Every structure is written in structure tokens, then in C-alpha cells.
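Results of the structural survey
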Amino acid sequence: MTATSPDPTGLPYHRMARYSPHHRWWRPLLGTVVLVFGSVLATVFLYILTDGIGTAAGYPELPDGGVDFGPVLGTGLDLAFIAVDLPLVLLAVLWLGRRPAGTVASVTGRPRWRWLAWCLLAAVPAMVLLPMVAIFLPDDQGDGGGSDVWVGWQTFLLSLAMLVVLVPLQSAAEEYVFRGWLLQAAGAFLRSPWLAVLPQAVLFAAAHGWGTPWGFADLLVFGAVAGLLTIRTGGLEASIALHALNNLLAFGVSAMYVDGLASDETAADAPWQLALVDMASVLLFAAIVLWLARRRHPQNLSAPVPEPIPPHLLPYIPPQGAYWPYAQAPGAYGPYPQQAPGAYGPYPQPPGPHGAYPPPGAHGAYAPPPGAVWPYASPQGSHGPYAPPPSNGAVPGPAAAPSGPDGPGSAASGADEPGPAAPSDPDGPSPAALGSTASSPVLPGDAPGPDGSSPTAPGAVSDSAAPSSAALGDAPSPAEPSSAAPRPDAPRPAEPSPAAPHPAAPGDAPSPDGTSRAVPAPADPPSRQPSGPQES
């Protein structure tokens, strides 16, 4: 069963103690007791602390055992001790009242600074009237003046600077205690604003001591009028403005004369003439504020009281942590280790842009075996293992040539001598011509064949057909001149005699008839070929 707000339209200022779904009847009483004891303890502690500091600093001692800080510094310490009650009230509202701390300032939950400025302007005529009338009032001896000595401009300005800083804090602290906490604590039990105003007004007059009946009555009127203005305007701004300007005027007048601030007299000791003038100025201020309230319309009712949250809508709080009954995860990734800061997670980052593998090159992703020939070696040009087509339109590749002593493909003609280009066949090279180059690749140093001839490697000259090395796209070796076709105007070199043996070159294998046959070394990949002819 959920509780509903008894007043859904809002609460006046003196009922703001109920502006909480956690309100209980004992909370205002407990808060009052804690606030009184807290204020006494804080004041005693500060007095002991300052006396210890003053004794250590060498200040003179008073007849009652205290430290004499002088009129200016002593008055400043007294005002500061009273200002400590301001944070105590806010803490009591927040912790014991279980409501926002700003609800003690106004029904809006915060101080209304613009309305405070209007109230300060309203207090100026009353504060001007009070000293002007008090000048012509006779004192206790029947004269209208006094023989007080001027303190001097230096001391007066120093005292005035201290008062401008501390008097507003001291006045605000008293208003928060009496017209704030105590007025709302009484309003928690009393609906009538007149009845709620009386307790705090009596306590306010008693807190200043018992001096003269007229002084006590003046304080009582001040407390009652300030309380009623607080309820009518919905906040403490009016009472703080009147209290601050009144105290600033009283302390300022005392600071003008020698030992004026050292006097122990308070407002409770005022004579009847001054008490009457002060009550008249308070009533004048109240009339101006009420007139401004009718024109400015300050908010005097709070928002609707927040309703308590049903138990089934409260957030679930696990008994032993957010991951109960399991242990809390150590990081964002649970019990597993947190991901590495790199792009590859917990694994080490590859050393290069291609990962753990070498970057692709001219031979693909893998390097060819050292010394290997095609098809393992890199292709020899853009046309692969075949030579590019000649300029005369002949089909690349070895062509059949008549074998014999005079044929260009015979062994007697010599692999080192250039010969005429083979005639082009429109139907392409014959299978017999291609058969000599279709054998498996043989590296130098292999055993000779059955007929006594050395095995033919790709690109080498055979007995039946001897295509030039330029026809296969090989680079010219030091022992072999280029097989390109001779120029038409160049003289044809003399053909060597068939019986003349071919001079053996280094690395040639001997044949059975005693002559040497040239066995060229396998072509190197483009990356391993020499850039020019070498000395053989």
C-alpha cells in the first residue's frame, strides 16, 4: 500500500518539514536537539582553539581568564562563531530531515537572489529612519548627545571591512536557525502560521539575553514580523535582508567610537526610546515588503510533495556485490585477461604490414629454389619461357633444319658461329623440331646418353636442330655470340671446315669421337644473370 500526499497542491514555508516521503513526527524533535548540542560543541571548540592560539601569539589576558584580541579582532571572532551554525542547519535538514537542504531557504528549494535584492532595497528606508530619529532621542542622563571619542579613519575602515564580510553571514546563520529550522519544526505539528511563529520568536528574544523589558519586546516583535514575512513570501530573503542591514548599522555606529565594539551590550539592553523606534522601522519594512510581494508575486507554496517509491519499484541491491554469488569480474572482459592494445588481440602483432609472412616480391609469396631453372625460376620476360616473336613475323621456337655437314644445325657448323635464320613455316614448327627441346631439364654434370652424346638441357643445341640462344630469349653467353640475323649488307663469314674440330670451351663435355660439344649452363633467373659478358 502506497502513501499519498495529504496536500497535493504544495506546502507553505512553515510546513516544509513534511516535504519528504520519509517524514516522521520525531525527526523535527531529534534535529532540534542535535542542532543545539552541535552548536554548543562547535562554539566551545572554537573558543578553546582561539584562546590557545592567542596565548601562543602573546596576546594579553583578560581579568576573566580569556585572551584579549582587541575590539576589532574579538568582534570578528564572535561573529564567526555564530556563522558556524549555518552549515550545521543545512546538515540537519539533509541528514535528519531527509529532504533537500535548499528547502530551508525557500519553498523553491534554493535561495532566490533576485527577490533578496528587492528586499534589500525595501530595508534601506527603514534603516535610514532609525539613525535619524535616534540622534534626537535623549539618553538616560537626559541630554541628547554623548562625549564618545572618534576612533580614527584607519581603524574605522578596517572595522567596517570586517563587518561587511562577517555580519551578513552571522545574520543569515541566525535566520536559518530561528526562522528556518525552528519555524519549520513547529510547523510540522501546527497548521496555523500564527501559532508556528510564536515559539521561534520567543527563543530568538531569549537567545540575546534578558536586558530590559523594552529590549526584549523589541526582539520579540522583530522575530514575529520576520517569521510572518517568511511565510508570506515563501523564503528567508526578507528576514535576512532586514536582519543584516539592522546589525550592520548597529555595529557600524559602535565602530565609530573608541571601545565601541568592546561593549557587551546587545539589542536586549536597548532603552524604551530606541526600542520604540526600532519596532517602528521593522513595521515600515514589513509594509514595503508586502507591497512588493503583491506586485512581484514571489512563490509562497512548494511543489507537490514527492510520493514515496513503492517497494517493488526500488532498485534491487544484491547482497554481496553486483556479481553475487560469483566473484566480481576483474575487468571489462570478465575473468579472461583484457585484450591487448594492438589490433590482433592477445596475440603478438606481426612485424610488418604483411603479417608474419614475407612481403610478396617478383617471385610471388615464396622465393624460388637457388639455382633452379624454369618453371621454378621466374619467367624470363613478359612472354614467359618463350622468346618474343621476331620482327619478320616468324613463329618463335626451334625450326627443323637439314642436318649434315653443311647444315646450320650440324655440330660441325659450330654453336658459336651465327647462321642464317630458319625459314618461317606458316603452319608452325613441326613436332619433330620441337621434340629436341621437349626433354626434361638436365643440369650440367649429368651422365651422357646411350649414343655417347651429352644430354640436352633446355635452350641447348642438339644434333638434329640447333636453334640459336636468342631464339629462346636467353642472354648471350661469353662463349656464344648473338644469334641475331646478320645484316644484309654485311659479308657472310666463311663456314668452317667439317673436319675442323670445334675448340673446346671450359665446361664442355667430350664426345665419343673426340670432339667437344658445348653444354651451356642453365640460364639463371633474371635476378641472378650477370649484367654483362664475363671473362671465360
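Residues numbered from 1 in each chain as written. Predicted model: local features only at pLDDT ≥ 70, side-chain atom pairs only at ≥ 80, totals over all residues. Heavy atoms only, no water.

Summing up its helical and strand segments, the protein chain has 10 helices and 2 strands in all. Listing the helices and strands of the protein chain from first to last along the sequence gives α-α-α-α-α-α-α-α-α-α-β-β. Expressed as a percentage of its 536 residues, the buried residues of the protein chain come to 31%. Pairs at least 24 apart in sequence give 75% of the contacts found in the protein chain among residues at least 6 apart. When the accessible surface of the protein chain is split by element, carbon and sulfur atoms take 65% of a total near 32700 Å². (Helix = DSSP H or I, 4+ residues; strand = E, 2+ residues; numbered from the N terminus. Buried < 20%, exposed > 50% of the residue type's maximum accessible area, 1.4 Å probe, protein only. Contact = heavy atoms within 4.5 Å. Areas by Shrake-Rupley, 256 points an atom, 1.4 Å probe, with all protein chains shown as cover.)

Moving on: unusual backbone geometry. In this structure, Arg 98 is a non-glycine residue whose phi angle is positive, near 55°. Looking at where Arg 98 falls in the secondary structure, it is placed in the loop between α3 (85-96) and α4 (113-135). On the accessibility criterion, Arg 98 (39% relative accessible area) is partly exposed.

As enumerated under the stated definition, the model contains 8 aromatic pairs in all. Between Trp 150 and Phe 156, the ring centres sit 5.6 Å apart and the planes meet at 45°, which makes this aromatic pair tilted. Note on Phe 156: relative accessible area 13%, which makes it buried. Among the aromatic side chains, those forming a connected cluster through ring pairs are Trp 150, Trp 153 and Phe 156. (Phe/Tyr/Trp six-rings, centres within 6.5 Å; stacked < 30°, edge-to-face > 60°.)

Further remarks concern the pattern of salt bridges. For the coordinates displayed, the defined rule picks out 2 salt bridges. With its nearest N and O atoms 2.9 Å apart, the salt bridge here joins Arg 112 to Glu 237. Remark: Glu 237 occurs in helix α8 (residues 237-255) and Arg 112 occurs in the loop between α3 and α4; sequence separation between them is 125 residues. Comparing Arg 112 with Glu 237, the two get one shared label, buried. With its nearest N and O atoms 2.6 Å apart, the salt bridge here joins Arg 179 to Glu 175. Here the residue Arg 179 and the residue Glu 175 both occupy positions in helix α5 (residues 153-187), the gap between them amounting to 4 residues, near one helical turn. (Salt bridge = Lys/Arg side-chain N within 4 Å of Asp/Glu carboxyl O.)

Further remarks concern the side chain of His 23. Its location among the elements puts His 23 in the segment before α1 (26-57). Residue classification places His 23 among the buried residues on the basis of a relative accessible area of 16%. Separated by 3.3 Å, the side chain of His 23 and the backbone oxygen of Ala 17 make a polar contact. With sequence-adjacent residues up to four places away left out, His 23 is seen in contact with Ala 17, Arg 18, Pro 28 and Ala 188. (Polar contact = N/O pair within 3.5 Å; in protein donor to acceptor, adjacent residues only side chain to side chain.)

Relative to the helices and strands, Leu 220 resides in helix α7 (residues 213-233). When the C-alpha atoms of Leu 220 and Val 202 are compared, they prove to be 6.1 Å apart, with 18 residues separating the residues in sequence. Beyond its immediate chain neighbours, meaning those up to four positions away, Leu 220 contacts Ala 201, Val 202 and Ala 205.

What follows covers α4. Think of an α-helix as turning once every 3.6 residues; residues three or four places apart then point the same way. With 23 residues, α4 extends 34 Å from end C-alpha to end C-alpha; this agrees with the ideal 33 Å at 1.5 Å per step. Turning to α4, its buried residues are Trp 115, Leu 116, Cys 119, Ala 122, Ala 123, Ala 126, Met 127 and Leu 130. Against α7, α8 and α9 (272-296) lie the buried residues of α4. (Expected span 1.5 Å × (residues − 1).)

The tally for this structure, following the rule as stated, stands at 1 cavity of 30 Å³ or more. Of the voids in this model, the largest cavity is the one considered here, and its volume is about 40 Å³. Ala 17, His 23, Arg 27, Pro 28, Gly 97, Arg 99 and Trp 181 together form the lining of the largest cavity. (1 Å grid on protein atoms, 1.4 Å probe; cavity = no way out; pocket = protein on both sides within 12 Å on 5 of 7 lines; lining within 4 Å. Points joined across faces, edges and corners; volume = space filled by probe spheres on them.)

The next thing to look at is α8. For α8, which comprises 19 residues, the first-to-last C-alpha distance of 27 Å matches the rise-based estimate of 27 Å (1.5 Å per residue) to within 8%. All of the buried residues in α8 are Glu 237, Ala 238, Ser 239, Ile 240, Ala 241, Leu 242, His 243, Ala 244, Asn 246, Asn 247, Gly 252 and Ala 255. Taken together, the buried residues of α8 touch α4, α5, α6 (193-207), α7 and α9.

By size, the foremost hydrophobic cluster in this structure holds 49 residues, and its most contacted members are Val 89, Tyr 176, Trp 181, Leu 229, Phe 285 and Val 289. Going through the elements one at a time, α3, α4, α5, α6, α7, α8 and α9 are the ones with two or more residues in this core. A total of 8 residues in this core trace back to one element, the largest contributor, which is α5. Residues within four places of Phe 285 in sequence aside, it is in contact with Cys 119, Ala 122, Ala 123, Ala 126, Leu 229, Ala 238 and Leu 242. By size, the runner-up hydrophobic cluster in this structure holds 9 residues, among which are Val 72, Met 162, Ala 255 and Leu 261. (Core = buried A, V, L, I, M, F, W, Y, C linked by side-chain atoms within 4.5 Å.)

With that settled, consider the packing of α7 against α8. Where α7 contacts α8, the two axes come as close as 8 Å, and the packing angle between them is 145°. Here α7 contributes Phe 222, Ala 226, Leu 229 and Thr 230 to the contact with α8, which in turn contributes Ala 238, Ser 239, Leu 242, His 243 and Asn 246. When its residues are assigned to classes, the contact of α7 with α8 shows 5 nonpolar, 4 polar and no charged. (Axes fitted to C-alpha atoms, helices over the stretch in contact; angles between N-to-C directions. Nonpolar A, V, L, I, M, F, W, Y, C, P; charged D, E, K, R; others polar.)

Relative to the assigned elements, Arg 110 resides in the loop between α3 and α4. Each residue touching Arg 110, except ones within four places of it in the same chain, is listed here: Gly 102 and Ala 105.

A word on the confidence of the model for the protein chain. Looking at the protein chain, the pLDDT average stands at 73 and 54% of residues meet or exceed 70. Confidence, expressed as mean pLDDT per element, reaches its minimum in the protein chain at helix α10 (residues 431-435) with 42 and its maximum at α3 with 96. Low confidence marks residues 1-7, where pLDDT is under 50. Its contacts with residues over four positions away, or in another chain, come to 5 contacts. Segment residues 496-507: pLDDT under 50, and 10 contacts once partners within four positions in sequence are set aside and those in other chains are kept. (pLDDT = per-residue confidence, 0-100.)

You can see Gln 200 is positioned in helix α6. Among the polar contacts made by the side chain of Gln 200, one reaches the main-chain carbonyl oxygen of Gly 223 at a distance of 3.0 Å. Other than its neighbours up to four places away in sequence, Gln 200 contacts Phe 178, Arg 179, Leu 182, Leu 183, Gly 223 and Gly 227.

Here we take up the packing of α7 against α9. Two elements in contact, α7 and α9, have axes separated by 9 Å at closest approach and are oriented at 5°. Relative to α9, the element α7 lies roughly parallel. Taken together, the residues of the contact of α7 with α9 sort by class into 17 nonpolar, 1 polar and 4 charged. (Parallel < 35°, antiparallel > 145°, perpendicular 65-115°, else oblique.)

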